[in-house]
Amino acid sequence: MLAPQKRLKVGVSYNEPLLAHGIVAILAREPDLEVDFDDGDSQEHQADVLIADYKRALELMQQAQRRRGSPPPRVVLLSAGQREQDVRRAIEIGVPGFLALGAAAQDLALAVRAVGAGARFYDSSVAERMAESLSREPLTGREAEVLHLLARGMCNKSIARDLSIATGTVKAHVKAILAKLDATSRTHAATLALQRGLVDVPELQS
């Protein structure tokens, strides 16, 4: 007689209660998954896989990095936004699963099983963002600084003063930024930067 298959324990640590309950309800239908809420209080989680929002997922990975020697948590990040910079950051920090909030229920279950087995799982929208990111030449550190100030509406002279560099140098950085973002103007560059997550909304509003 075959021994019963071990069920995968799944913890849901999501900052929006309504969505958290929905996730639990969806996965509870899967016979091979044992799903419950994860309060996040314990440093050592009993779940085999954790489903978390963006902020919580990054917190879990950073906590694991600080606890050297312990295996990283198996996290499936479920997020409403798939901005290029956010996707890149999550993957660089080691999040093994990333799905859009609008993903199909069957994809969420597939992601949980894949991550539980030690594999990675990114849905098509996330994979597309990564492909776009890898196909572009990245900004240098100084170009990123100039872009942040440019997005706040600062002129070249103000940017030069703020960064303690020459105005001509700022102009050169702006030219490079426009080329790398394939932007037609400073305003277009700021808009693209926001869409890709290279700058944050508060910076555009300040």
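What you are looking at is a predicted structure, and each value in this text was computed from that prediction instead of being measured.

A. Region of the structure containing the overall build of the chain. Across its full length, the chain carries 10 helices and 6 strands. Looking at the chain as a whole, 41% of its 206 residues qualify as buried. As displayed, the chain has an accessible area near 11,700 Å², and 52% of this comes from carbon and sulfur atoms.

B. Quick look at the side chain of Ser-125. Looking at the secondary structure, you find Ser-125 in helix α5 (residues 124–135). For Ser-125, the side chain forms a polar contact with the side chain of Asp-123, separated by 2.9 Å.

C. Looking closely at the sheet that holds strand β2 (residues 33–37). As summarised here, the arrangement of the 6 strands in space is β2-β1-β3-β4-β5-β6, forming an open sheet in which the pairing is parallel. Edge positions in the sheet fall to β2 and β6 (121–122), since each of these pairs with one other strand and no more.

D. Up close: helix α8 (residues 167–181). Taking 1.5 Å per residue, 15 residues should reach 21 Å; α8 reaches 21 Å between its end C-alpha atoms and fits that length. The set of residues buried in α8 consists of Val-170, His-173, Val-174, Ile-177, Leu-178, Lys-180 and Leu-181. Across the axial projection of α8, the buried residues extend over an arc of 165°, all falling on one side. Turned more than 90 degrees off the buried face of α8, the exposed positions are Lys-171, Lys-175 and Ala-179. Packed against the buried residues of α8 are α6 (141–151), α7 (156–163) and α9 (186–196). Asp-182 sits one or two residues past α8 and shows a positive phi near 55°.

E. Representation of the packing of α6 against α7 in the model. Running from N to C, α6 and α7 cross one another at 130°; their axes reach a closest spacing of 10 Å. Between α6 and α7, the angle is such that the two are oblique. Crossing geometry of α6 relative to α7 is assigned as right-handed. Residues Arg-142, Glu-145, Val-146, Leu-149 and Leu-150 of α6 form the contact with α7, whose own contacting residues are Ile-159, Asp-162 and Leu-163. A class-by-class count of the residues in the contact of α6 with α7 yields 5 nonpolar, no polar and 3 charged.

F. Examining helix α3 (residues 84–92) more closely. Looking only at α3, the buried set comprises Glu-84, Asp-86, Val-87, Ala-90 and Ile-91. Buried residues in α3, looked at end-on, bunch into an arc of 165°, giving them a common side. Two residues or fewer past α3, Gly-94 is found with a positive phi of approximately 105°.

G. Highlighting the pattern of salt bridges. Under the criterion given, the structure shown has 7 salt bridges. Note that Arg-113 is salt-bridged to Glu-30, the shortest N-O span being 2.7 Å. Of the two residues, Arg-113 is situated in helix α4 (residues 105–116) and Glu-30 in the loop between α1 (17–27) and β2; the sequence distance between them amounts to 83 residues. The shortest N-O distance in the salt bridge between Glu-59 and Arg-56 comes to 3.4 Å. Note that Glu-59 and Arg-56 are positioned in helix α2 (residues 54–66) at a spacing of 3 residues, about one turn of the helix. The structure contains a network of salt bridges with shared partners spanning Glu-30, Asp-32 and Arg-113.

Scoring rules and cut-offs
- Residues numbered from 1 in each chain as written.
- Predicted model: local features only at pLDDT ≥ 70, side-chain atom pairs only at ≥ 80, totals over all residues.
- Heavy atoms only, no water.
- Helix = DSSP H or I, 4+ residues; strand = E, 2+ residues; numbered from the N terminus.
- Buried < 20%, exposed > 50% of the residue type's maximum accessible area, 1.4 Å probe, protein only.
- Areas by Shrake-Rupley, 256 points an atom, 1.4 Å probe, with all protein chains shown as cover.
- Polar contact = N/O pair within 3.5 Å; in protein donor to acceptor, adjacent residues only side chain to side chain.
- Pairing = 2+ DSSP bridges.
- Expected span 1.5 Å × (residues − 1).
- Arc of directions from axis to C-beta.
- Contact = heavy atoms within 4.5 Å.
- Axes fitted to C-alpha atoms, helices over the stretch in contact; angles between N-to-C directions.
- Parallel < 35°, antiparallel > 145°, perpendicular 65-115°, else oblique.
- Left-handed = near helix turned anticlockwise from the far one by under 90°.
- Nonpolar A, V, L, I, M, F, W, Y, C, P; charged D, E, K, R; others polar.
- Salt bridge = Lys/Arg side-chain N within 4 Å of Asp/Glu carboxyl O.

All we've got here are geometric facts, nothing functional implied.
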